[in-house]
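This is what each chain is made of:
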Amino acid sequence: MSEGKLIVVTGPSGVGKGTLLQKLLERHPDRILFSISATTRSPRSGEEHGREYLFWSREEFEGKRDAGEFLEWAEYAGNFYGTPKPPIDQAIALGQIVLLEIELAGARQVAQTFPSAKRIFIAPPSMEVLENRLRQRSTDSEEQIVKRLHHAELEVAAANEFNITIVNDNLEIALQQLEKAMFE
Ligand code: 5GP
């Protein structure tokens, strides 16, 4: 049985990663396992425990973190986010392509602990476009938007640390580039 591979997708909040990855999953449901992260942030409307995230309390998260049960974890905009390790190990052993959608600090940890992972950065066409998209989404408070924009600047400045950068200007073109990067 062939070993699977680990793909890391990083990009600022509002860049359209969610839509891109959703489309990717629709096209290749049997080949890709989308890792479900744990987070201490509250669910947004429409989000479900076990589907978008595992919504854990801070205590629960810290317990698992201290027991070494995360492949990577990070604090982002005041909340913890992390990738539970056991499902990843299992899927890779079964030969699947495992996709992690995580922020920069987590991607850097994976670069250290799992150097064979392919790391893909999704960039906005410009910071102005990103800000507009974040505001149009209107799911976050002004304070959250400011924190996310600040983080976005740091992330865009680190794009050169990744194996591939894809600019999400046109969804269909970005999707084709992502498919090529994943399956080549
Ligand atoms: P959101 O709150 O918008 O769902 O996610 C905020 C940020 O956390 C996004 O950049 C997302 O990629 C990142 N994120 C989601 N899950 C994880 C995770 O398991 N680990 C890390 N390091 N970042 C994550």
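Note that the coordinates shown come from a computational prediction; the quantities given were computed from them, not determined experimentally. (Residues numbered from 1 in each chain as written. Predicted model: local features only at pLDDT ≥ 70, side-chain atom pairs only at ≥ 80, totals over all residues. Heavy atoms only, no water.)

Undergrad: Give a detailed account of the sheet that holds strand S4 (residues 54–55), specifying residues and quantitative values.
TA: As a general point, the strands of a sheet are linked pairwise by backbone hydrogen bonds and lie either parallel or antiparallel. The strand order across the open sheet formed by four strands is S4-S3-S6-S5, and the pairing between neighbours is mixed. The open sheet terminates on both sides in strands that have one partner only, identified here as S4 and strand S5 (70–76). Examined bridge by bridge, strand S3 (residues 38–39) and S4 share two bridges and lie parallel to one another. Pairing of Thr39 across the sheet is with Phe55, part of S4. (Pairing = 2+ DSSP bridges. Helix = DSSP H or I, 4+ residues; strand = E, 2+ residues; numbered from the N terminus.)

Undergrad: Describe the packing of aromatic side chains, with residues and values.
TA: Scanning the model with the defined rule gives eight aromatic pairs in all. Here the aromatic rings of Tyr76 and Tyr81 are separated by 5.8 Å at their centres, their planes lie at 85°, and the arrangement is edge-to-face. By relative accessible area, Tyr76 is classed as buried at 7%. Measuring from centroid to centroid gives 5.2 Å for Phe121 and Phe162, while their planes differ by 55°, and the two rings are tilted. (Phe/Tyr/Trp six-rings, centres within 6.5 Å; stacked < 30°, edge-to-face > 60°. Buried < 20%, exposed > 50% of the residue type's maximum accessible area, 1.4 Å probe, protein only.)

Undergrad: Outline the side chain of His28, supporting the account with residue identities and numerical values.
TA: Position of His28 relative to the elements: it lies in the loop between helix H1 (17–27) and strand S2 (32–34). Judged by its relative accessible area of 17%, His28 falls in the buried class. Residues in contact with His28, not counting those within four places in the same chain, are Glu179 and Phe183. (Contact = heavy atoms within 4.5 Å.)

Undergrad: Can you lay out the sheet that holds S2 for me, pointing to particular residues and giving the numbers?
TA: If you trace the five strands from one edge of the open sheet to the other, you get S2-S7-S1-S8-S9, paired in parallel fashion. Only two strands of the sheet have a single neighbouring strand rather than two, namely S2 and strand S9 (164–167). Going from strand to strand, the sheet's axes swing by 25° on average, the running direction of each strand aside. Together, strand S1 (5–10), S2 and strand S7 (97–101) form the strand contacts of helix H3 (residues 85–93), whose direction differs from that of S7 by roughly 150°. (Axes fitted to C-alpha atoms, helices over the stretch in contact; angles between N-to-C directions.)

Undergrad: Break down the nonpolar core for me, with residues and values.
TA: The biggest cluster of nonpolar side chains holds 22 residues, and the ones touching the most others in it are Val9, Leu24, Leu99, Ile120, Ile122, Leu178 and Met182. Take this core: its biggest share by element is five residues, from helix H7 (residues 171–183). Beyond its immediate sequence surroundings of up to four residues, Leu178 is in contact with Leu20, Leu21, Leu24, Ile120, Ile122 and Ile166. (Core = buried A, V, L, I, M, F, W, Y, C linked by side-chain atoms within 4.5 Å.)

Undergrad: A description of the site of the ligand should follow, citing residues and the corresponding values.
TA: For the ligand, the set of nearby residues contains 16 residues, the closest of which are Ser37, Arg41, Tyr53, Tyr81 and Glu101. In the environment of the ligand, an oxygen atom lies 2.8 Å from a nitrogen or oxygen atom belonging to the side chain of Arg148. Coverage of the ligand by the protein amounts to 95% of the 510 Å² it exposes when considered alone. Going through the elements one at a time, S5 and strand S6 (79–84) are the ones with two or more residues in the shell around the ligand. When its residues are assigned to classes, the shell around the ligand shows five nonpolar, four polar and seven charged. (Near = heavy atom within 4 Å. Polar contact = N/O pair within 3.5 Å; in protein donor to acceptor, adjacent residues only side chain to side chain. Areas by Shrake-Rupley, 256 points an atom, 1.4 Å probe, with all protein chains shown as cover. Nonpolar A, V, L, I, M, F, W, Y, C, P; charged D, E, K, R; others polar.)

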